[in-house]
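Each chain, written out:
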Amino acid sequence: MCRSIKTLRPPVLPEEATEEEVRAAALQYVRKVSGFRAPAAHNREVFEHAVDVIAAATAELLAGIEVRGGGGGGGGGTTTARHAS
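Fair warning: this is a prediction, and the values are worked out from it, not measured in the lab.

K.L.:
For this particular structure, what's the right way to read the overall build of the protein chain?
P.N.:
Along the backbone of the protein chain there are 2 helices and 2 strands. Considering only intrachain contacts with a sequence separation of at least 6, the fraction spanning at least 24 residues in the protein chain is 49%. For the protein chain, the computed accessible surface area is about 6,000 Å², with 53% contributed by carbon and sulfur atoms.

K.L.:
Mind showing me how you'd approach helix H1 (residues 19-34) here?
P.N.:
For the α-helix, the turn length of 3.6 residues means that residues three or four positions removed from each other point alike. End to end, H1 covers 22 Å across 16 residues, agreeing with the expected 22 Å (1.5 Å per residue, within 8%). Of all the residues in H1, the buried ones are Val22, Ala25, Ala26 and Val30. Projected down its long axis, H1 shows its buried positions confined to an angular sector of 135°, all on one face. For H1, exposure combined with an orientation more than 90 degrees from the buried face picks out Glu20 and Lys32. Of the residues flanking the end of H1, it is Gly35, one or two places downstream, whose phi is positive at about 80°.

K.L.:
Where do I start with the packing of H1 against helix H2 (residues 44-64) in this structure?
P.N.:
The geometry of a pair of packed helices is captured by two quantities: the angle between their axes and the separation between those axes. For the pair H1 and H2, the least separation of the axes is 8 Å and the interaxial angle reads 130°. When the interaxial angle is binned, H1 and H2 end up oblique. The hand of the H1/H2 crossing is right-handed. Every residue of H2 that contacts H1 at Val22, Arg23, Ala26, Leu27, Tyr29, Val30, Arg31 and Ser34 is listed here: Phe47, Glu48, Ala50, Val51, Asp52, Ile54, Ala55, Thr58, Ala59 and Leu62. When the residues that make up the contact of H1 with H2 are grouped by side-chain class, the tally is 12 nonpolar, 2 polar and 4 charged.

K.L.:
Whenever I open this one, the layout of surface pockets confuses me. Can you help?
P.N.:
Estimated volume of the largest pocket: approximately 190 Å³. Together, Ile5, Lys6, Thr7, Leu8, Arg9, Ala25, Ala26, Tyr29, Ile54, Thr58, Leu61 and Leu62 line the largest pocket. The set of elements that each furnish at least two residues to the lining of the largest pocket consists of H1 and H2. Here the lining of the largest pocket gets 4 residues from one element, more than from any other, and that element is H2. When its residues are assigned to classes, the lining of the largest pocket shows 8 nonpolar, 2 polar and 2 charged.

Parameters and conventions
Residues numbered from 1 in each chain as written. Predicted model: local features only at pLDDT ≥ 70, side-chain atom pairs only at ≥ 80, totals over all residues. Heavy atoms only, no water. Helix = DSSP H or I, 4+ residues; strand = E, 2+ residues; numbered from the N terminus. Contact = heavy atoms within 4.5 Å. Areas by Shrake-Rupley, 256 points an atom, 1.4 Å probe, with all protein chains shown as cover. Expected span 1.5 Å × (residues − 1). Buried < 20%, exposed > 50% of the residue type's maximum accessible area, 1.4 Å probe, protein only. Arc of directions from axis to C-beta. Axes fitted to C-alpha atoms, helices over the stretch in contact; angles between N-to-C directions. Parallel < 35°, antiparallel > 145°, perpendicular 65-115°, else oblique. Left-handed = near helix turned anticlockwise from the far one by under 90°. Nonpolar A, V, L, I, M, F, W, Y, C, P; charged D, E, K, R; others polar. 1 Å grid on protein atoms, 1.4 Å probe; cavity = no way out; pocket = protein on both sides within 12 Å on 5 of 7 lines; lining within 4 Å. Points joined across faces, edges and corners; volume = space filled by probe spheres on them.

In structure tokens:
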């Protein structure tokens, strides 16, 4: 796992993940699996497309995750992580 990719859902993240945080995580993932920090000019389009697709999938995942319990704030209710697109 990439150590620079952080958990983007409550209760680890106190608020909903921003679009910038989601995109940064997607970029780190693409960098890790491709082995390139920055793509060569001839790979830039496919690299950026991969970041876009992974960011969208991450936002969809975060929007659908239900976090039960956790947080230590009492209440014991269900929190659904939502990401504004």
